[in-house]
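Residue-level structural notes
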Amino acid sequence: MAKDETWHGIPRKDIPWFPTVDADACIGCSLCYTTCGRSVYEMRDNKAVAAKAMSCMVGCSTCGTVCPVEAISFPDRDMIWKLEREHKIFKVVRQEAKEKMAKQDAAKARAAAEDAVAKLTTRVRFEVAGDFGEKRFLIQMEDLIKEKPVDFVNLRMDVPTVQGARQKTPSFMSFDVTSTEQNDIQSFLDGVRDLIRRNALTLVSENKL
Ligand code: SF4
Ligand code: SF4
C-alpha cells in the first residue's frame, strides 16, 4: 500500500478493514490467495496469512465469501458506514465521480476518433497487368496526382523480357496510392481506376492497406 493512500479522503491507515483468518479453521485450499487481486495473502505452512492486511480494498469481502470453511472474517459493516458519516466523504465521492466520468468520456472520444481514422482509406495497393506503352502510363499517373495531396509509392514494374514487351507481352505493375495528409482517398481512386481502364490495362487486384 502506498504510504499516503486514502479511501475517499480518509487515510487508509485509519480504516481497520481487513480480513482475519482463523488459522485453526483454514484448510489451506489457497482460494483466498489466488482470488485476491490485491495480493493481501501469503500461504505459509499450508495456511493463509493476511500478510499485507492494509492492502485490502475497503468494503471488499470476496475472499471471505468464497472461503469454503468460513475461516475468514471482517469487521462489522457499521464501522464503514460510521466512517462515511464522520468524514463526510460524499463531497469527495462526487468530485471523484466527476473526474472518473470525464476520464471515461475522454477515453470514449479517443476511441471514436481512432475508429473514424481506422475507417478512412488512406492507402490502397493496386496490381495492374498489360501493355504500359513505354512511359505513357507513368506520365498519366504523374498528371493525375498533380497538385493533389496524394502520391503513388512503392512502384514496381515487372517486364518479363524487353523483346516480349516490344511484342506487347503483358507486363505487371504494382503501386500504392497514398494520402500525403492522412485524408480519405476514396474519391481519388475513381481516377486511378479510370486511368487503368483508359489504357486498356487489367486491374488484377485492389487492396486497402
Ligand atoms: S480460502 Fe479459506 S480455507 Fe482456503 S486458504 Fe483461504 S482461509 Fe484457508
Ligand atoms: S476482501 Fe477483497 S481485497 Fe481484501 S483480501 Fe479479500 S479479496 Fe483481497
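Note: the structure precedes this text.
1. Considering the overall build of the protein chain
On a plain count of helices and strands, the protein chain comes out with seven helices and ten strands. Along the three orthogonal principal directions, the C-alpha set of the protein chain runs to about 95 × 45 × 25 Å. Across the 209 residues that make up the protein chain, the buried fraction comes to 27%. By sequence separation, contacts in the protein chain at least 24 residues apart represent 69% of the contacts at least 6 residues apart. When the accessible surface of the protein chain is totalled, it reaches about 13900 Å², and 53% of it is carbon and sulfur. One way to put it: in the protein chain the 32 positive side-chain charges average out to a point 2 Å from where the 31 negative ones average out.

2. Let's talk about the site of ligand 2
Looking at ligand 2, the residues that line it are P19, C36, V40, Y41, C56, M57, C60, S61, T62, C63 and F74. Across the shell around ligand 2, the residue classes break down as nine nonpolar, two polar and no charged.

3. With respect to the packing of aromatic side chains
With the rule as written, the count across this model stands at five aromatic pairs. Ring geometry for W17 versus F74: centroids 5.2 Å apart, planes at 20°, classification stacked. Placement of W17 in the loop between β2 (10–11) and β3 (20–21) and of F74 in the loop between β6 (72–73) and α3 (77–86) is noted, with a sequence separation of 57 residues between them. The class for W17 is buried, based on a relative accessible area of 3%. An angle of 15° between the planes, with centres 5.6 Å apart, marks the rings of F126 and F175 as stacked. A residue pair is termed long-range when its members are at least 10 positions apart, and F126 in strand β7 (residues 123–130) and F175 in strand β9 (residues 171–179) qualify at 49 residues. Classification of F126 by relative accessible area gives buried; the value is 0%.

4. Remarks on the pattern of salt bridges
As enumerated under the stated definition, the model contains eleven salt bridges in all. Here E42 ties to R44 by a salt bridge, and the two come within 2.9 Å at their closest N and O atoms. For E206, the salt bridge is made with R193, and the minimal N-O distance between the two is 2.7 Å. With a gap of 13 residues between them, E206 in strand β10 (residues 202–208) and R193 in helix α7 (residues 186–198) connect regions that are remote in the sequence. Of the residues examined, R193 reaches a relative accessible area of 23% and is grouped as partly exposed. A single salt-bridge network, built from bridges that share partners, covers R123, R125 and D176.

5. Quick notes on the pairing of β7
Examined bridge by bridge, β7 and β9 share eight bridges and lie antiparallel to one another. Residue V128 lies in a different strand from β9, and its bridge partner there is M173. Note: β7 against β10, six bridges, orientation antiparallel. Within the sheet, the bridge partner assigned to V124 lies in β10 and is K208.

6. Points about the nonpolar core
General note: in soluble globular proteins, nonpolar side chains tend to be found buried as a group. Counting 20 residues, the largest nonpolar core has F126, F137, F152, F175, V177, F188 and V192 as its most contacted members. For this core, the secondary-structure elements that each account for two or more residues are β7, α5 (136–145), β8 (150–158), β9 and α7. Ranked by residues supplied to this core, first place goes to α7 with five residues. Apart from the residues lying within four places of it in its own chain, the contact partners of V177 are T122, R123, V124, F126, D151, F152, I185, F188, L189 and V192. Counting residues in each nonpolar core, the second largest holds 18 residues, with W17, C63, C67 and A71 among its members.

7. Details of the pairing of strand β4 (residues 41–44)
One ladder, built from four bridges, connects β4 with strand β5 (residues 47–50); its direction is antiparallel. Within the sheet, the bridge partner assigned to Y41 lies in β5 and is A50. Taking the residues that link successive antiparallel strands as the turn, the β4-β5 hairpin has two residues, and the phi of D45 there is positive, at about 50°.

Calculation rules
Residues numbered from 1 in each chain as written. Chains lettered and ligands numbered in written order. Predicted model: local features only at pLDDT ≥ 70, side-chain atom pairs only at ≥ 80, totals over all residues. Heavy atoms only, no water. Helix = DSSP H or I, 4+ residues; strand = E, 2+ residues; numbered from the N terminus. Buried < 20%, exposed > 50% of the residue type's maximum accessible area, 1.4 Å probe, protein only. Contact = heavy atoms within 4.5 Å. Areas by Shrake-Rupley, 256 points an atom, 1.4 Å probe, with all protein chains shown as cover. Lys, Arg positive; Asp, Glu negative; His and termini not counted. Charge placed at Lys NZ, Arg CZ, Asp CG, Glu CD. Near = heavy atom within 4 Å. Nonpolar A, V, L, I, M, F, W, Y, C, P; charged D, E, K, R; others polar. Phe/Tyr/Trp six-rings, centres within 6.5 Å; stacked < 30°, edge-to-face > 60°. Salt bridge = Lys/Arg side-chain N within 4 Å of Asp/Glu carboxyl O. Pairing = 2+ DSSP bridges. Core = buried A, V, L, I, M, F, W, Y, C linked by side-chain atoms within 4.5 Å.

Fair warning: the whole summary comes from geometry, so function is off the table for now.
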